[in-house]
Amino acid sequence: MKVSQNWLRKLVEINTSPEDLAEKLSIGGFEVESLINCALKVEGIVLGKVLSIDKHNNSDKLTICQVDIGRPDKLQIICGAKNIKSNIYVYVATIGTYLEAINLTIKKTEIRGIISEGMICSLEELAIENKSEGIAILDNKKVENYKLGTKAAEILNLNDFIYDLSITANRPDGMSVIGIAREISAILETDLKLPLIDN
């Protein structure tokens, strides 16, 4: 059974690291087969804004974009997406980022004579969607409270850990999030905050 730490935190106070909690749960009888850091999925991806675009002189399909990711110097990024345009908010993979979905590490590279310093991503390339028609364009209202350069994990609510638990037949109390929260409360000796049920 997979359980979200963010969900657990709504039910029980957690005053230790995910790794320590995983070890304590395993010792207590709920073996944690794996601990997944969801933020790693989009590590190196940040919020950017496309300031301007120009056609690539050596390609009909490529566009040269000037992109602000909250740093003093703007990035120049070559993009081949049909839906690219200026004055939009996008997810930018910075140099050094590994995109598992397409098995690509982002590097500063030269594309047909023009330097590219990152990649503007689709949700498919971030492994958020199975199929994308173009780059992800973020709604202005969605990002109005975020600074340029904010990590994508924060915007996508991926700052979470998933505990993959092996529940044995003699511990049916662990077959729910509330059951696991109750176990954590006992292990850590912290407050349990069960939801109120309307009669």
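Thresholds, definitions, all that
All residue numbers refer to positions counted from 1 along the written sequence of the respective chain. The predicted origin of the model limits local features to residues at a pLDDT of at least 70 and limits the giving and counting of side-chain atom pairs to 80 or more, whereas totals for whole chains, interfaces and linings rest on all residues. The side-chain figures draw on all heavy atoms in the structure; neither hydrogens nor water molecules are used. Starting at the N terminus, helices and strands are each numbered in turn, a helix being any DSSP run of H or I of at least four residues and a strand any DSSP run of E of at least two. Here the radius of gyration uses the C-alpha set of atoms, whereas the globule reference equals 2.2 Å times the residue count to the power 0.38. Accessible area is worked out with a 1.4 Å probe on protein chains only. A residue is then buried under 20% of its type maximum, exposed over 50%, and partly exposed in between. Pairs of residues are marked as contacts when any of their non-hydrogen atoms sit within 4.5 Å. Using a 1.4 Å probe, accessible areas were evaluated by the Shrake-Rupley method; residue-level cover was limited to the displayed protein chains. This count recognises Lys and Arg as positive and Asp and Glu as negative, with His and chain-terminal groups excluded. Note that the charge is assigned to NZ on lysines, CZ on arginines, CG on aspartates and CD on glutamates. The rule for pairing is simple: two strands pair if DSSP sees at least two bridges between them. Residues grouped as a nonpolar core are buried Ala, Val, Leu, Ile, Met, Phe, Trp, Tyr and Cys residues, joined through side-chain atoms within 4.5 Å. Throughout, the arc means the angular range of directions from the helix axis out to the C-beta atoms. Angles shown run from 0 to 180 degrees and are taken between the N-to-C directions of axes, each axis being a line fitted to C-alpha atoms and, for helices, limited to the stretch in contact.

**So, the overall build of the protein chain**
Line of reasoning, step 1. Secondary structure summary: the protein chain contains five helices and 13 strands in total.
Line of reasoning, step 2. Scaling as 2.2 N^0.38, a compact globule of 199 residues should have a C-alpha radius of gyration of about 16 Å, whereas the protein chain reaches 22 Å, well beyond that.
Line of reasoning, step 3. For the C-alpha atoms alone, the extent of the protein chain along its principal axes is close to 70 × 35 × 30 Å.
Line of reasoning, step 4. In the protein chain, buried positions account for 42% of the 199 residues.
Line of reasoning, step 5. For the protein chain, the share of sequence-separated contacts (at least 6 apart) that also reach a separation of at least 24 residues comes to 64%.
Line of reasoning, step 6. When the accessible surface of the protein chain is split by element, carbon and sulfur atoms take 47% of a total near 11,900 Å².
Line of reasoning, step 7. Side chains of the protein chain give 23 positive and 28 negative charges; the mean places of these two sets differ by 7 Å.

**So, the pairing of strand S4 (residues 63-68)**
Line of reasoning, step 1. Most of S4 sits inside the fold, with five of its six residues counted as buried.
Line of reasoning, step 2. For S4 and strand S5 (residues 75-79), the ladder comprises five bridges, and the chain directions are antiparallel. Across the sheet, residue Ile64 finds its bridge partner in S5, namely Ile78.
Line of reasoning, step 3. Here S4 folds back onto S5, and the loop between the two strands holds six residues, one of which, Gly70, carries a positive phi near 85 degrees.

**Quick look at the nonpolar core**
Line of reasoning, step 1. By size, the foremost hydrophobic cluster in this structure holds 22 residues, and its most contacted members are Ile45, Tyr91, Leu99 and Leu126.
Line of reasoning, step 2. Of all the secondary structure elements, the ones that give two or more residues to this core are strand S3 (45-55), strand S6 (88-93) and helix H4 (152-155).
Line of reasoning, step 3. Setting aside residues up to four positions removed in sequence, Ile45 forms contacts with Tyr91, Val92, Ala93, Thr97, Leu99, Cys121, Leu126, Thr150, Lys151 and Ala152.
Line of reasoning, step 4. The next biggest cluster of nonpolar side chains, apart from the first, holds 18 residues, and it includes Val3, Tyr163, Ile184 and Leu188.

**Examining helix H2 (residues 18-27)**
Line of reasoning, step 1. For H2, the full list of buried residues reads Pro18, Leu21, Ala22 and Leu25. The buried residues of H2 occupy an angular sector of 105 degrees when the element is viewed end-on, so they sit on one face.
Line of reasoning, step 2. A positive phi of about 115 degrees marks Gly29, the residue just after H2.

**Thoughts on the side chain of Glu183**
Line of reasoning, step 1. Among the secondary structure elements, Glu183 is positioned in helix H5 (residues 177-188).
Line of reasoning, step 2. On the basis of relative accessibility, which here comes to 15%, the residue Glu183 falls in the buried class.
Line of reasoning, step 3. Once you skip the residues sitting within four places of it in the chain, Glu183 turns out to touch Leu25, Gly28, Phe30 and Arg171.

**Notes on unusual backbone geometry**
Line of reasoning, step 1. In this structure, Asn87 is a non-glycine residue whose phi angle is positive, near 65 degrees.
Line of reasoning, step 2. The residue Asn87 is located in the loop between S5 and S6 in this model.
Line of reasoning, step 3. For Asn87, a relative accessible area of 52% corresponds to the exposed category.
Line of reasoning, step 4. A positive phi angle is found at Arg112, which is not glycine, with a value near 55 degrees.
Line of reasoning, step 5. Of the residues examined, Arg112 reaches a relative accessible area of 52% and is grouped as exposed.

**Points about the sheet that holds strand S13 (residues 161-166)**
Line of reasoning, step 1. Taken in spatial order, the three strands of this open sheet run S1-S13-S2, and their pairing is antiparallel. The sheet is open, and its two edges are formed by strand S1 (2-4) and strand S2 (31-37), each paired on a single side. Across the sheet, the mean angle separating the axes of adjacent strands is 25 degrees when strand polarity is ignored.
Line of reasoning, step 2. In the sheet, S1 pairs with S13 via three bridges, with the strands oriented antiparallel. The residue of S13 that forms the bridge with Ser4 is Ile162.
Line of reasoning, step 3. Strand contacts of H2: S2 and S13, with the helix running at about 165 degrees to S2, the strand carrying the most contacts.

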